[in-house]
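Secondary and tertiary structure notes
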Amino acid sequence: MSRLSGKVQTVLGLVDPDQLGRTMTHEHLAGKNPDNNYDSFYVPPLQGNEAAAEDPFQIQHVHWLRQNPYSSNKNLNLTRDVVAVRDELLAYRKAGGGTIVENTTTGLDRAVVTLRELAKSTGVHIVAGAGFYVDCTHTEATKAMSVEKLTDIMVSEVLHGADGTDIRCGVIGEIGTSWPITDSEKKVLKATAHAQAQLGCPVIIHPGRDPAAPPQIVRILQEAGGDISKTVMSHLDRTILDEGELLEFANLGSYLEYDLFGTEMLNYPFNLEVDMPSDSQRVQTLAFLVKQGYEDRMLISHDIHTRNRLIKNGGHGYSHILKNIVPKMLTRGISQHQVDKILIHNPKRWLTFK
Ligand SMILES: [Zn+2]
């Protein structure tokens, strides 16, 4: 039996799973480089909106920014607000939160030293993510790696530490995939499954924006020996909108994550075909999945990764689910017992090493 077995690994070390409490399973807190403009996310503003893009946090631009969060470079780097993030984590604890899974992987400028500082100064358990984000963030060196090499890196990030530190990751992911899935991403997915087979660790996936993406990813992981019962499929809110397709996917046995709570926009720039659901519609989908018997496989989160979503900048913050979404869930046929499963027991089971 491994040292990790039966434990959860945070940036401050191993903890007993009972200590986690309410857990957001898909968030971002920081990057390393405050000058990083995340060019791969940037979408130029429509003509006439340059002033808003230039000075996005003015009150008269808040609505524009909520609708167009990727159209201002100034909005794209949480690292510029690390003090506000720390204050929000303190507020998250006050609101009854216990743990945050920080999904920033290689390609997204992971900052494990900052995560350790945040965990120490706030008392919130923070779990860091191992592995690689989507293809357009893979370096030439990453693309040239064999599956074995990629596996070794992820195993080492969990067993020994990430980015030249002794700070260890407690999950693999978010592992990024595009649509269609690229060759480099397929290698990373296979390596993820191999590493998971060795470690018995939790895995979390960012699927490409197509309803066919999640089932294809599950097939690739399964064929490579991955454990789907310890794997989370993120971002279902913008990926599988048809109820029939959702139930078909739910049958495959992964955790089902609705992690864009707080994101309400008319035009989702990364896939204009998608009608981004509102929070009310997300809650309706949760109630539907509970009714269909999936209460032991559901997870929720906000996936905060832009500055406009912080309270300081007029956003909903990391406590939005605890403060606003849970009360709504309770009025829509989801019991307190089921809420506790979604926020406490499912994350705990997923995060515990086999
Ligand atoms: Zn994410």
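Here the structure is a predicted model, which is why all the values come from computation and not from measurement. (Residues numbered from 1 in each chain as written. Predicted model: local features only at pLDDT ≥ 70, side-chain atom pairs only at ≥ 80, totals over all residues. Heavy atoms only, no water.)

**Structural notes on the sheet that holds strand 10 (residues 298–300)**
With parallel pairing, eight strands are arranged side by side in an open sheet as 3-4-5-6-7-8-9-10. Looking at the sheet topology across the chains shown, the edges are occupied by strand 3 (22–27) and strand 10. Taking the axes of each pair of neighbouring strands and ignoring which way they run, one obtains an average angle of 25 degrees across the sheet. Along the sheet, helix 7 (residues 183–199) contacts strand 6 (171–176), strand 7 (203–206) and strand 8 (231–233); its crossing angle with strand 6, the most-contacted strand, is approximately 165 degrees. (Pairing = 2+ DSSP bridges. Helix = DSSP H or I, 4+ residues; strand = E, 2+ residues; numbered from the N terminus. Axes fitted to C-alpha atoms, helices over the stretch in contact; angles between N-to-C directions. Contact = heavy atoms within 4.5 Å.)

**Examining the coordination of the zinc ion**
With distances of 2.1 to 2.5 Å, the protein atoms coordinating the zinc ion are His 26 (NE2), His 28 (NE2), Glu 174 (OE) and Asp 303 (OD). The coordination sphere of the zinc ion comprises four donor atoms, whose angles at the metal cover 81 to 166 degrees; the geometry is irregular. Here the donor residues of the zinc ion share one chain and are spaced in sequence as H-x1-H-x145-E-x128-D. Here His 26 is found in strand 3, whereas its partner Glu 174 is found in strand 6, with 148 residues between them in sequence. Judged on exposure class, the residue His 26 and its partner Glu 174 are both buried. (Donors = N, O, S within 2.8 Å, 3.2 Å for Na, K, Ca; no water. Tetrahedral: all angles 85-135°; square planar, octahedral: opposite > 155°, others 65-115°. Buried < 20%, exposed > 50% of the residue type's maximum accessible area, 1.4 Å probe, protein only.)

**Observations regarding the pairing of strand 3**
A large share of strand 3 lies buried, amounting to five of its six residues. Summarising the sheet, strand 3 and strand 4 (residues 97–102) pair through four bridges and their orientation is parallel. Pairing of Glu 27 across the sheet is with Glu 102, part of strand 4.

**Examining the UniProt feature "binding site: a divalent metal cation 1" (unreviewed entry) in the protein chain**
Per the UniProt annotation, the sites labelled "binding site: a divalent metal cation 1" (unreviewed entry) are His 26, His 28, Glu 174 and Asp 303. For this annotated set, covering 278 residues, all C-alpha atoms fall within 10.8 Å of each other, a compact arrangement in space. The contacts of His 26, once residues within four sequence positions are left out, are Val 101, Asn 103, Glu 174, Ile 204, Ser 234, His 235, Glu 257, Asp 259, Ser 301, His 302 and Asp 303. Here the side chain of His 26 touches Asp 259 through a polar contact of 3.5 Å, side chain to side chain. On the basis of relative accessible area, Glu 174 is assigned to the buried category, the value being 2%. For Glu 174, the side chain forms a polar contact with the side chain of His 26, separated by 3.2 Å. (UniProt positions renumbered as here; feature names shortened; annotations may be inferred. Polar contact = N/O pair within 3.5 Å; in protein donor to acceptor, adjacent residues only side chain to side chain.)

**Overview of the nonpolar core**
Counting residues in hydrophobic clusters, the biggest one holds 77 residues, and the most contacted among them are Leu 29, Ile 126, Ile 172, Ile 300 and Met 329. With residues up to four places along the chain from it excluded, the contact list for Ile 172 reads Ala 130, Met 154, Val 158, Thr 192, Ala 195, Gln 196, Cys 201, Pro 202, Val 203 and Ile 204. (Core = buried A, V, L, I, M, F, W, Y, C linked by side-chain atoms within 4.5 Å.)

**Concerning the packing of helix 9 (residues 243–250) against helix 10 (residues 279–291)**
Close contact between helix 9 and helix 10 brings their axes to 12 Å; oriented N to C, the two are set at 50 degrees. As far as their axial angle goes, helix 10 and helix 9 are oblique. With respect to the hand of their crossing, helix 9 and helix 10 are arranged in right-handed fashion. The segment helix 9 lies against helix 10, with Glu 243, Leu 246 and Leu 247 engaging Thr 285, Phe 288 and Leu 289. Per-class residue counts for the contact of helix 9 with helix 10 are four nonpolar, one polar and one charged. (Parallel < 35°, antiparallel > 145°, perpendicular 65-115°, else oblique. Left-handed = near helix turned anticlockwise from the far one by under 90°. Nonpolar A, V, L, I, M, F, W, Y, C, P; charged D, E, K, R; others polar.)

**Looking at the UniProt feature "binding site: a divalent metal cation 2" (unreviewed entry) in the protein chain**
Within this structure's numbering, the places UniProt gives as "binding site: a divalent metal cation 2" (unreviewed entry) are Glu 174, His 206 and His 235. The largest pairwise C-alpha distance within this set of annotated residues, which runs over 62 residues, is 10.7 Å, so the set is compact in three dimensions. On the secondary structure map, His 206 appears in strand 7. Discounting residues that sit within four places of it in the chain, His 206 has contacts with Tyr 133, Val 134, Glu 174, Ile 175, Gly 176, Thr 177, His 235 and Arg 238. Within the local environment of His 206, its side chain forms a polar contact with the side chain of Glu 174, the two groups lying 3.2 Å apart.

**Details of the packing of aromatic side chains**
Across all of its chains, the model carries six aromatic pairs by this definition. One aromatic cluster is present, formed by Tyr 38, Phe 41, Tyr 70, Tyr 133, Tyr 268 and Phe 270 through successive ring pairs. Lying across the ring of Phe 261, Arg 282 places its NZ or CZ 5.8 Å from the centre. Against the face of Tyr 255 rests Arg 297, its NZ or CZ located 4.1 Å from the ring centre. (Phe/Tyr/Trp six-rings, centres within 6.5 Å; stacked < 30°, edge-to-face > 60°. Lys NZ or Arg CZ within 6 Å of the ring centre and 35° of its normal.)

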